[in-house]
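# Secondary and tertiary structure notes
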Amino acid sequence: MSYLDMKKSLNHPIFQVVSDMVEADDLTAFAIGGYVRDIFLGRPSKDIDIVVLGSGIELAKRVAHKLNIKDIAVYKNFGTAMLHYKDVEVEFVGARRESYRSDSRKPVVENGTLEDDQKRRDFTINAMALCLNKKHYGELTDPFNGLKDLKNRTLRTPLDPQQTFSDDPLRMIRAVRFASQLNFRIGDKTYQAIVANAKRIQIVSNERIMDEVHKILLSPKPSVGLIHMEKTGLLKEFLPEVASLKGVEVREDFKHKDNFLHTAKVVDNVGKMSDKLWLRWAALLHDIGKPPTKRFSKEQGWTFHGHDYVGQKMVPEIFRRLRLPMNEKMKYVRKLVALHLRPIALVDEEVTDSAIRRLLFDAGSDVEDLMLLCEADITSKNDKKVRRYINNFRRVRKKMKEIEEKDRIRNFQPPIKGETIMNTFNIQPGKNVGIIKNAIKEAILDGKISNNYNEAYGFMLEKGKELGLTPVNNRDRQADTSESQE
Ligand code: ATP
Ligand code: MG
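From a predicted model like this one, the values you see are computed outputs, not experimental measurements. (Residues numbered from 1 in each chain as written. Chains lettered and ligands numbered in written order. Predicted model: local features only at pLDDT ≥ 70, side-chain atom pairs only at ≥ 80, totals over all residues. Heavy atoms only, no water.)

## As for the site of ligand 1
By nearness alone, 16 residues border ligand 1, and R37, D47, N126, R171 and R177 come closest of all. Backbone polar atom of G34 to an oxygen atom of ligand 1: 3.0 Å apart, as the coordinates give it. Here an oxygen atom of ligand 1 and a side-chain polar atom of R121 are 3.0 Å apart. Elements that contribute at least two residues to the shell around ligand 1 include exactly α3 (34-41), β2 (47-52), α8 (170-182) and α10 (206-217). For the shell around ligand 1, the element with the most residues is α8, which contributes four residues. Of the residues contributing to the shell around ligand 1, the split by class is one nonpolar, three polar and twelve charged. (Near = heavy atom within 4 Å. Polar contact = N/O pair within 3.5 Å; in protein donor to acceptor, adjacent residues only side chain to side chain. Helix = DSSP H or I, 4+ residues; strand = E, 2+ residues; numbered from the N terminus. Nonpolar A, V, L, I, M, F, W, Y, C, P; charged D, E, K, R; others polar.)

Laid out in structure tokens, this is it:
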């Protein structure tokens, strides 16, 4: 890219404002980091980093004042300030020198030169700076040959990688993240240093690690990052449940597949069909019940019976440990792990409607995602087998659609409320109400009755009778039509 092109690329309006301001104040400022890298890669970028020889906070405050921006976040401890302008997040920082001491994870920070600031950055491709001062506008400062590494699609640290990774071990995960996001290779020395320092990732908070892992999962081909994490030894430090899927065991002619490589492929497959982060998490965790359930028998070879059940039970603990959200996101992942074998059990020709109803009931509104996961789970190399499975799933989907249209099971609402049961038999809340409600639900799922008020009402009377209850009157039959779903 020529300087002229670069000038054109540095065209976000914020640069003009900063340029005018540093000129007036006799300061020197640069665009630096990911934004500059992405200009060269022709990638869109939503955050801009500006480094100034002097105080980043002061410059940010003055820029905010000029643009009449009230909302500015100042991080005194880090010497940075952030504001939003138009569609981007802009971070200002004073050029600094960082030195780490072996007895502390916190670096000693001093004011520094541009080159000091570039040295403390993670990769050469993230250490390039473009001048914002008028006279040299768009001029590149690239002391570590980031541009060359960009052309060779290689990740390298500006300084000795041992030092860089030991100083801040998160950078190892970032290397893997960029390799996966940008489809870059990791330079040999850099790679070896990750292997040597992988254990040190332990000192980094799980929140920071997860930010990068999310980006790996959302990258175009997540298996690139997952495989790097496994091979370097990083994965087992924070997600041993997935790392231990790695490996193939052979006994008496029986061999099972490498469940880690299979998992990585399933995440890729899901990624081709959906952008949902948590669906990708479900794919990553779907087989974690396999190592603890693995058995060998001379008759069957390797089995993993119950790995769906055991796997889903492991999900909450993993989420808690990794500081992932313990809310409906976790429940969604747990549900998909729990149900991931169910649609496969439905591909038989003679599958009953009731089995499909039960799956619709259990999966609820996530049934579509579950079907995607199951289709992604087919990683056989045997094309004929794959085609047969895909066809079978198509049939299951069709049946699901027909049954759902008829019986509306997905977001099941009981057609008879507890209140109606209590009024009909003049009983207090208690065991019998629950028994009747459950019996109605089961009868609907089994297809004994349809999912509507009248059939459910009749069934309720029968069930009540079995329990020795007598209806006091039939008033509710007419009066309560508001509960009818028809
Ligand atoms: P993204 O596309 O995710 O924004 P990025 O490279 O811009 O990627 P940021 O987290 O926004 O990543 O960081 C901006 C810049 O700050 C990086 O390009 C890099 O120069 C520097 N940086 C960020 N984190 C680290 C770190 N842990 N160690 C060293 N430098 C870092
Ligand atoms: Mg960035």
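Now that the structure has been shown, the text picks up again.
## Some thoughts on α8
Taking 1.5 Å per residue as the helical rise, α8 with its 13 residues ought to reach 18 Å, and the 18 Å between its terminal C-alpha atoms agrees with that figure. Most of α8 is tucked away: eleven of the 13 residues are buried. For α8, every residue scored as buried is listed here: L170, R171, M172, I173, A175, V176, R177, F178, A179, S180 and L182. Following α8 by one or two positions, N183 has its phi on the positive side, about 55 degrees. (Expected span 1.5 Å × (residues − 1). Buried < 20%, exposed > 50% of the residue type's maximum accessible area, 1.4 Å probe, protein only.)

## A closer look at the packing of helix α20 (residues 353-363) against helix α22 (residues 383-407)
Two numbers describe how α20 lies on α22: the axes approach to 10 Å, and their chain directions differ by 80 degrees. When the axis of α20 is compared with that of α22, the two are roughly perpendicular. For the pair α20 and α22, the contacting residues are D353, I356, R357, L359 and L360 in the first and V396, K399, M400, I403, E404, K406 and D407 in the second. Of the residues assigned to the contact of α20 with α22, the class counts are six nonpolar, no polar and six charged. (Axes fitted to C-alpha atoms, helices over the stretch in contact; angles between N-to-C directions. Parallel < 35°, antiparallel > 145°, perpendicular 65-115°, else oblique. Contact = heavy atoms within 4.5 Å.)

## Some thoughts on helix α4 (residues 56-66)
When α4 is considered as a whole, its buried residues turn out to be G56, I57, L59, A60, V63 and A64. Seen along its axis, α4 keeps its buried residues to an arc of 160 degrees; they face one direction. Of the exposed residues in α4, those oriented more than 90 degrees away from the buried face are H65 and K66. Looking at the buried side of α4, the elements it contacts are α2 (13-25), β2, β3 (72-75), β4 (80-85) and β5 (88-94). The opening residue of α4, the one whose side-chain oxygen lies 3.4 Å from the backbone nitrogen of I57, is S55. Just beyond α4, the residue with positive phi is N68, at close to 60 degrees. (Arc of directions from axis to C-beta.)

## Here's the deal with the domain arrangement of the protein chain
As far as domains go, the protein chain holds domain 1 (3-152) and domain 2 (418-484). Just the C-alpha atoms count here: the centres of domain 1 and domain 2 sit 68 Å apart. (Domains from an automatic or database assignment.)

## Description of the nonpolar core
Counting 131 residues, the largest nonpolar core has F15, V18, F238, W281 and V333 as the members making the most contacts within it. Looking at which domains feed residues into this core, each of domain 1 (3-152) and domain 2 (418-484) supplies at least three. Not counting chain neighbours up to four residues away, the residues in contact with F15 comprise L10, A31, Y35, I48, I50, L132 and Y137. Grouped together as the second largest cluster of nonpolar side chains are eight residues, F30, I32, V51 and A95 included. (Core = buried A, V, L, I, M, F, W, Y, C linked by side-chain atoms within 4.5 Å.)

## A short note on the sheet that holds strand β1 (residues 29-32)
Spatial strand order, β3-β4-β5-β2-β1-β8-β9: seven strands in an open sheet with mixed pairing. The outermost strands of the open sheet, each flanked by one partner alone, are β3 and β9 (140-141). (Pairing = 2+ DSSP bridges.)

## Re the pairing of β3
Direction of pairing for β3 relative to β4: antiparallel, over a ladder of four bridges. Bridge pairing links Y75 to T80 in β4. Here β3 hands over to β4 after four residues, with G79 in that stretch at a positive phi of 65 degrees.

## A few points about the packing of aromatic side chains
If you walk through the whole model with that rule in mind, you get nine aromatic pairs. Plain terms: the ring middles of W278 and W281 are 6.3 Å apart, the flat faces sit at 20 degrees to each other, and that makes the pair stacked. Of this pair, W278 and W281 both sit in helix α15 (residues 277-285), three residues apart, which is roughly one turn of the helix. With relative accessibility at 0%, the residue W281 sits in the buried group. Here F361 and F412 contribute two aromatic rings whose centre-to-centre distance is 5.5 Å and whose plane-to-plane angle is 75 degrees, an arrangement assigned as edge-to-face. Separated by 51 residues along the polypeptide, F361 in helix α20 and F412 in the loop between α22 and α23 (418-425) bring together distant segments of the chain. Ring pairs connect the aromatic residues F254, F296 and W302, which therefore count as one cluster. Over the face of the ring belonging to F178 we find R177, whose NZ or CZ atom lies 4.2 Å from the ring centre. Against the face of F304 rests K290, its NZ or CZ located 5.1 Å from the ring centre. (Phe/Tyr/Trp six-rings, centres within 6.5 Å; stacked < 30°, edge-to-face > 60°. Lys NZ or Arg CZ within 6 Å of the ring centre and 35° of its normal.)

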